[in-house]
Amino acid sequence: LHGTTELQFFQQEVLGDLIEHDQKSGGQLLATLEAFFAANGNLSKTAEMLFVHRNTLMYRLNRVEALIGRSLDDPETRFDLQLALKMHHVTPRGRGA
C-alpha cells in the first residue's frame, strides 16, 4: 500500500493540520505526539523526554486536540494518529502529506 492515494489521503486527513502548523510556526506538535505515544501517554515521562515543563506539554497536547478536533483520550484517535505518524516517516518527502 506504500504510496497509494488512500494512504496519502488518510495521512493528510489525520496529520495535515499538525504538519501545516509545525511548518508555519516551527512548532513541535508532531514530535510531542511521538514522545507522548513512546511514553504510553505518561505525561511526566513525556515532559522529561522532551525536556519541557509539564504545563508546556499540556499546552501542546491541548493544541493538538484543538487542531485535529478530536480527543487524545479516545483510543480510535490515538490509533489513527500513531498509524499516520508511522506513515509520515516512511512517505517520501514531496509526496503525500
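Peer 1: Please explain the nonpolar core as it appears in this structure.
Peer 2: The nonpolar side chains of a soluble globular protein tend to be buried, and buried together. Membership of the largest hydrophobic core comes to 19 residues, with the highest contact counts inside it found for Leu15, Leu18, Leu33, Val64, Leu72 and Leu81. Listing elements by their share of this core, those giving two or more residues are helix H1 (5–25), helix H2 (29–38), helix H3 (43–50), helix H4 (54–68) and helix H5 (75–90). Considering every element that reaches this core, the biggest residue donor is H2, with 5 residues. Aside from chain neighbours lying at most four places away, what touches leucine 18 is Leu29, Leu30, Leu33, Val64, Leu67, Ile68 and Leu81.

Peer 1: When you look at unusual backbone geometry in this model, what are you seeing that I'm missing?
Peer 2: Among all residues except glycine, the phi angle is most often negative; among peptide bonds, the trans geometry is most common. Its identity is not glycine, yet asparagine 40 carries a phi of approximately 55 degrees, on the positive side. Its location among the elements puts asparagine 40 in the loop between H2 and H3. According to the relative accessible area criterion, asparagine 40 is exposed, its value standing at 70%. Of note in the backbone geometry, phenylalanine 51 takes a positive phi value of approximately 60 degrees without being a glycine. Along the chain, phenylalanine 51 falls in the loop between H3 and H4. Here phenylalanine 51 falls in the exposed class, since its relative accessible area comes to 78%.

Peer 1: Looking at this structure, how should I read the packing of aromatic side chains?
Peer 2: Where two aromatic rings form a pair, the distance of their centres and the angle of their planes describe that pair. Applying the stated criterion to the full structure yields 1 aromatic pair. Ring plane angle 55 degrees and centroid distance 5.6 Å describe the contact between phenylalanine 36 and phenylalanine 37, whose orientation is recorded as tilted. Taking relative accessible area as the criterion, phenylalanine 36 reaches 4% and is therefore assigned buried.

Peer 1: Would you take a moment to explain the pattern of salt bridges for this structure?
Peer 2: A side chain of one charge can pair with a side chain of the opposite charge when the charged atoms of the two come close. One pass over the full model with this rule turns up 2 salt bridges. Here glutamate 20 and lysine 24 are joined by a salt bridge, their closest N and O atoms 2.9 Å apart. With glutamate 20 and lysine 24 both in helix H1 and 4 residues apart, this pair spans about one turn of that helix. With a relative accessible area of 39%, glutamate 20 lands in the partly exposed category. We note a salt bridge from aspartate 80 to arginine 70, for which the minimum N-O separation is 2.8 Å. Pair noted here: aspartate 80 is in helix H5 and arginine 70 is in the loop between H4 and H5, with a separation of 10 residues, a long-range link. We classify arginine 70 as partly exposed; its relative accessible area is 32%.

Thresholds, definitions, all that
- Residues numbered from 1 in each chain as written.
- Predicted model: local features only at pLDDT ≥ 70, side-chain atom pairs only at ≥ 80, totals over all residues.
- Heavy atoms only, no water.
- Core = buried A, V, L, I, M, F, W, Y, C linked by side-chain atoms within 4.5 Å.
- Buried < 20%, exposed > 50% of the residue type's maximum accessible area, 1.4 Å probe, protein only.
- Helix = DSSP H or I, 4+ residues; strand = E, 2+ residues; numbered from the N terminus.
- Contact = heavy atoms within 4.5 Å.
- Phe/Tyr/Trp six-rings, centres within 6.5 Å; stacked < 30°, edge-to-face > 60°.
- Salt bridge = Lys/Arg side-chain N within 4 Å of Asp/Glu carboxyl O.

Just distances and angles here, no functional claims.
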